[in-house]
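Next come the chains, spelled out residue by residue.
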Amino acid sequence: MTREQHARRYPEVWRRFTPKETLIRYLWFAAVAFIAAWSLQRLEIPWFYFLDAHTQAGDLLSRMVPPYWGFFAEVAGPLIETVHIATLGTVITVLVALPIAFLAARNTTPNALTWFIGRFLLVASRSVNTVVWGLIFVAIFGPGAMAGIWSIAARSVGFVGKLIAEAIEEIDRGTVEAVEATGASRLQVLLIGVIPQVLPVIYGTIVYRWDINIRESTVLGFVGAGGIGIMLYASINQFAWHEVSVMLIAIFGIVVVSEFVSATVRGRIT
Amino acid sequence: MTAQQWRPPRFIESPFARFALTSVVVGYLVVSLTPGLVPLVSLEIDWGRTGEGLSRAADMFARMVPPDFSRLELLYKGLRESVQMALAASFFGMLLAIPLGLMSARNLVPLPVYLLGRSLLGVTRTFHEVIIAIFFVKIFGFGPLAGVLTLIVASMSFIGKMLAEDIENMPPGQLEAIKATGASFPKLLVYAVQPQMLPRYLGVSIYRLDANIRHSTVVGIVGAGGIGQVLAASFSRYDYDFSLAILLTIVTLVFVGEFFSNWVRGRLR
Amino acid sequence: MLMLSVSKLVKTYPGGVRALNGLDLTVDTPQVVTVIGSSGAGKSTLIRCINRLVEPTSGRIVLNDLDVTALSRRGLRRARRRMGMIFQEYNLVERLTVMENTLSGRLGYVNFWQAYRRKYSPPDIARAFELLHRVGLDGYEYTRADALSGGQRQRVGIARALMQQPDLLLVDEPTASLDPKTARQIMRLLCKLAHENGTPALINIHDVGLAQEFADRIVGLADGVNAFDGTADELTPEVLNAIYGEEDWSKTINRPTADSNKKMQRDGLERESAAG
């Protein structure tokens, strides 16, 4: 069979996309690239800063090494405070998030108004960053760990509450109906029919959030809300880079450990 | 017939373990919250100052309401800067995530490259955005450049990690089959890896755009531009009614960003 | 003239498992060679060593005067273009269309941009249509691979391998994931196409019945060496004992005649259910 005969039987052209589809695809690419370029251009970034950026960065690095190891003794206290802030903040989160989660889940909320209040509280909590909560609570409680604890709690309630509310909405109706059929009160239905079913999710979410909170509490000190951040901020502003590197190593350490603990506990629960 | 008391199942069955856990929790609360009880471990909380908190909060709240939206110009500039920082950072973070993700996938690259990729991921993920931001502020000075770079690093690390994990979970057969046709490494990437990864990659990137909008409001607090910088300034001037206006704007922005991200991800199947 | 010669092939996996133990094998005519042997006898390792998806520990593999074992990465890619491979799990790129999967057999011949933009030469595309017609998948060009059944996927796998216009087909357990009927259809199609194109095929297979029915030549592996090499008729219970170990083979061995097909299919079903 010659090529011509072959071509008559089997087409020699095949396109994955029609020309129109291809055009649309490229228009998407162009649009995304354009938006990014436009955003960057409007930010009026002083590009000449990049000219000496590598020397600046190199300079910084050379000042950070070798770390001033003796500083570890002074870091210990703030480091413990950081862990406390994360842990106590998570404890408060549990106490506050649970009732809100029951309000925000469609199947356990008393009425439409309570559902809306629950949802609103969760959204409001999540929309404001931990550090921004830090600004607010420092103004209320004054600088220190107490402001940090409440900032962590204020942000975590939205996170933990949302996940628990979603878990409650997915529970098995049958069990709940069985408990209701015994004539149990509303509270009893919650305690016996609902909570046992979502308990693993509650524990898992809390441990997961605690791990995130460790990371968050390392920077709360930048706004005065306690923890190692206060010291880190001070050292950076005093250009004490060999102290900064010690603190970065310490932060790296607790974050890695908390991640490990959280992963282990969550692995055990599920 | 004796009526047996039914109890709901306990999470921890052993009474001893339950008691031990309760005492640990109570003990921890007492030790950590009593100033000076255990040196170094107990928090130094000024309970007197904390007690004033409620009245201060009421005072602050009174000064916050009604929110002051009169400085629209400043508000708009901060908002615009935040959104632009988020957009630009998502785009470049998305691009940089590709090499980083490929480097961190054990089934694609040799061990030294993999270790390099994974350590880059580890370091960038461990440190909070605000710490990274303060370093960029020190190198590039105050302003949105430091903010954009921070968000680029964070996005790159986040998307890169997802990508690496997805690639590692790919069935090895598809890669093997394409290799067996005599295809080179770049062709393997566009013919086997890219089609399999693309939907998840786009989904994660869109999610990250939404996350970047949220984070762009906070990197400004250390001077890296955006609405966060305006917020921090208003707080330091006790300009609480303006602060509330900014906070409400941020909440709206985050809400819109989340809605947009969910909508796009829904359309991506 | 085609010539594949494997000599003294040894493969030791990290951890010390020795899959191949000095294996010798020569294929010099366009024939269908089935490789049988128990699990772990080194069948899969042999196939993967020939195109170096698995690196041999020692020994030589020569394909048409080309020493495959001594090739650079670039040379290896060129050599792989000449060897089509078919897999047990089909290994199609799931989210690509049937046509893209078929055309991927030409990846060794196009440059990066052509691969990225799916721009293949007109003769390649005509050939892909022809192969899809011959494996019975007309009209499936735009179907995504993950929407196909197992038998259909394997047909695409065959088309992809033949798309390479290979000098040699390496086939690794083509039927192990298929039901007995589809397995026979696939084997028949595979052997028919191999004969029509004059391409020799090296087929790993568990199923002794299928091996006997379709092979021109059977190679039995045991403990990483060649324990049998001959025609289907020469496969006696003694030989099977040597390959697999002691077992009652009286129900398994068949002469590949037309009236034995039914019985073999039943055997296949029995084996299937015994395996499940």
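Residues numbered from 1 in each chain as written. Chains lettered and ligands numbered in written order. Predicted model: local features only at pLDDT ≥ 70, side-chain atom pairs only at ≥ 80, totals over all residues. Heavy atoms only, no water.

### Structural notes on the side chain of arginine 155 of chain C
Residue and element names in this part refer to chain C.
Thinking step 1. The residue arginine 155 is located in helix H6 (residues 150-163) in this model.
Thinking step 2. Buried and unpaired, arginine 155 has no salt bridge, with aspartate 138 as the nearest side chain of opposite charge at 9.7 Å.
Thinking step 3. Within the structure, the side chain of arginine 155 is placed 2.9 Å from the backbone oxygen of valine 135, a separation counted as a polar contact.
Thinking step 4. Setting aside residues no more than four positions away along its own chain, arginine 155 makes contact with Val135, Leu137, Gln185, Ile186 and Leu189. (Helix = DSSP H or I, 4+ residues; strand = E, 2+ residues; numbered from the N terminus. Buried < 20%, exposed > 50% of the residue type's maximum accessible area, 1.4 Å probe, protein only. Lys, Arg positive; Asp, Glu negative; His and termini not counted. Salt bridge = Lys/Arg side-chain N within 4 Å of Asp/Glu carboxyl O. Polar contact = N/O pair within 3.5 Å; in protein donor to acceptor, adjacent residues only side chain to side chain. Contact = heavy atoms within 4.5 Å.)

### Observations concerning the interface of chain C and chain B
Thinking step 1. Tallying the contact residues gives 31 residues for chain C and 21 residues for chain B.
Thinking step 2. Both faces combined, the contact of chain C with chain B buries some 2,200 Å², and carbon together with sulfur accounts for 62% of it.
Thinking step 3. Taken as a group, Val93, Arg95 and Leu107 of chain C account for 26% of the area that chain C buries against chain B, more than any other trio of residues on that side.
Thinking step 4. Counting the contacts that link chain C with chain B gives 1 salt bridge.
Thinking step 5. A salt bridge links glutamate 176 of chain B to arginine 48 of chain C; the nearest nitrogen and oxygen atoms lie 2.8 Å apart.
Thinking step 6. Run the count over chain C and chain B and you get 10 residue pairs in polar contact (both at pLDDT 80 or more).
Thinking step 7. Secondary structure elements with two or more residues in the side of chain C that touches chain B: helix H2 (73-81), strand E6 (83-86), helix H3 (98-103) and helix H4 (112-117) of chain C.
Thinking step 8. A breakdown of the residues in the side of chain C that touches chain B according to their chemical character gives 14 nonpolar, 7 polar and 10 charged. (Buried area = accessible area lost by both parts, 1.4 Å probe. Nonpolar A, V, L, I, M, F, W, Y, C, P; charged D, E, K, R; others polar.)

### So, helix H7 (residues 145-169) of chain A
For an α-helix, the turn length of 3.6 residues means that residues three or four places apart are oriented alike.
All names here are of chain A.
Thinking step 1. The end-to-end C-alpha distance of H7, which contains 25 residues, comes to 36 Å, matching closely the 36 Å that a straight helix rising 1.5 Å per residue would cover.
Thinking step 2. At serine 156, H7 shows its largest kink, close to 35°.
Thinking step 3. By the criterion of burial, H7 is predominantly enclosed, with 20 of the 25 residues buried. (Expected span 1.5 Å × (residues − 1). Bend = angle between axes of the 7 residues up to and from the residue.)

### Re the domain arrangement of chain A
Thinking step 1. As assigned here, chain A comprises domain 1 (3-42) and domain 2 (73-269).
Thinking step 2. Averaged C-alpha coordinates put domain 1 of chain A and domain 2 of chain A at centres separated by 47 Å. (Domains from an automatic or database assignment.)

### Comments concerning the nonpolar core
Thinking step 1. In this structure, Ile131 and Phe135 of chain B are the most contacted members of the largest nonpolar core, which totals 94 residues.
Thinking step 2. At 10 residues, helix H6 (residues 129-140) of chain B tops the list of elements feeding residues into this core.
Thinking step 3. Filtering out sequence-adjacent residues up to four positions away, isoleucine 131 of chain B remains in contact with Thr218, Val219, Phe222, Leu232, Leu248 and Ile251 of chain A.
Thinking step 4. One finds Tyr114 of chain B together with Leu148, Phe214 and Trp249 of chain C within the second-largest nonpolar core, a separate group that totals 80 residues. (Core = buried A, V, L, I, M, F, W, Y, C linked by side-chain atoms within 4.5 Å.)

### Examining the sheet that holds strand E7 (residues 168-172) of chain C
Residue and element names in this part refer to chain C.
Thinking step 1. Strand order in the open sheet made by the 6 strands is E6-E7-E8-E3-E9-E10, with mixed pairing throughout. Both edges of this open sheet fall to E6 and strand E10 (225-230), since each of them pairs with a single strand only. Strand-to-strand twist of the sheet, defined as the mean angle between neighbouring strand axes without regard to direction, takes the value 20°.
Thinking step 2. Across 4 bridges, strand E3 (residues 32-36) lies against strand E8 (residues 201-204) in parallel orientation. Looking at the pairing, valine 32 lines up with alanine 201 of E8. (Pairing = 2+ DSSP bridges. Axes fitted to C-alpha atoms, helices over the stretch in contact; angles between N-to-C directions.)

### As for the packing of H6 of chain B against helix H7 (residues 144-168) of chain B
All names here are of chain B.
Thinking step 1. Where H6 meets H7, the closest approach of the two axes is 8 Å, and the angle between their N-to-C directions is 140°. Considered as vectors, H6 and H7 are oriented oblique to each other. Here the hand of the crossing between H6 and H7 comes out right-handed. Of the residues in H7, those in contact with Glu129, Ile132, Ala133, Phe136, Val137 and Phe140 of H6 are Leu145, Ala146, Leu149, Thr150, Val153 and Ala154.
Thinking step 2. Here the residues of the contact of H6 with H7 sort into 10 nonpolar, 1 polar and 1 charged. (Parallel < 35°, antiparallel > 145°, perpendicular 65-115°, else oblique. Left-handed = near helix turned anticlockwise from the far one by under 90°.)

### Digging into the pairing of E6 of chain C
All names here are of chain C.
Thinking step 1. Residue alternation in E6 divides its side chains into two sets, Met83 and Met85 and Gly84 and Ile86, and both sets are buried.
Thinking step 2. Two elements, E6 and E7, share 4 bridges in a ladder whose sense is parallel. The residue bridging isoleucine 86 from the neighbouring strand is valine 171, located in E7.

### Some remarks on the packing of aromatic side chains
Thinking step 1. A full pass over the atoms with the stated rule returns 20 aromatic pairs over all chains.
Thinking step 2. Considering the side-chain rings of phenylalanine 137 of chain A and phenylalanine 141 of chain A, the 6.1 Å spacing of their centres and the 5° angle between planes classify their relative orientation as stacked. In this pair, phenylalanine 137 of chain A and phenylalanine 141 of chain A both sit in helix H6 (residues 130-141), 4 residues apart, roughly one turn of the helix.
Thinking step 3. You can call phenylalanine 137 of chain A buried: its relative accessible area is 13%.
Thinking step 4. Judged by relative accessible area, phenylalanine 141 of chain A falls into the buried class, the value being 12%.
Thinking step 5. Among the aromatic side chains, those forming a connected cluster through ring pairs are Trp133, Phe137, Phe141 and Trp150 of chain A.
Thinking step 6. The lysine or arginine in question, arginine 106 of chain B, covers the ring of tyrosine 114 of chain B, its NZ or CZ lying 5.7 Å from the ring centre.
Thinking step 7. In this structure, arginine 118 of chain C is placed above the aromatic ring of tyrosine 191 of chain B, and the distance from its NZ or CZ to the ring centre is 4.5 Å. (Phe/Tyr/Trp six-rings, centres within 6.5 Å; stacked < 30°, edge-to-face > 60°. Lys NZ or Arg CZ within 6 Å of the ring centre and 35° of its normal.)

### Some remarks on the interface of chain A and chain B
Thinking step 1. Contacts between the two partners involve 64 residues from chain A and, on the opposite side, 58 residues from chain B.
Thinking step 2. Where chain A abuts chain B, roughly 5,400 Å² becomes buried across the two surfaces, and 78% of that area is made up of carbon and sulfur atoms.
Thinking step 3. Along the contact surface separating chain A from chain B lie 2 salt bridges.
Thinking step 4. A salt bridge links arginine 125 of chain B to glutamate 259 of chain A, with the nearest nitrogen and oxygen atoms 3.7 Å apart.
Thinking step 5. Across the side of chain A that touches chain B, the residue classes tally to 47 nonpolar, 10 polar and 7 charged.

### Topic: the pattern of salt bridges
Thinking step 1. Overall, the coordinates contain 35 salt bridges over all chains when judged by the stated rule.
Thinking step 2. The salt bridge partner of aspartate 67 of chain C is arginine 60 of chain C, with a shortest N-O separation of 2.8 Å.
Thinking step 3. The network of salt bridges with shared partners includes Asp68, Arg71, Arg237 and Asp239 of chain B.

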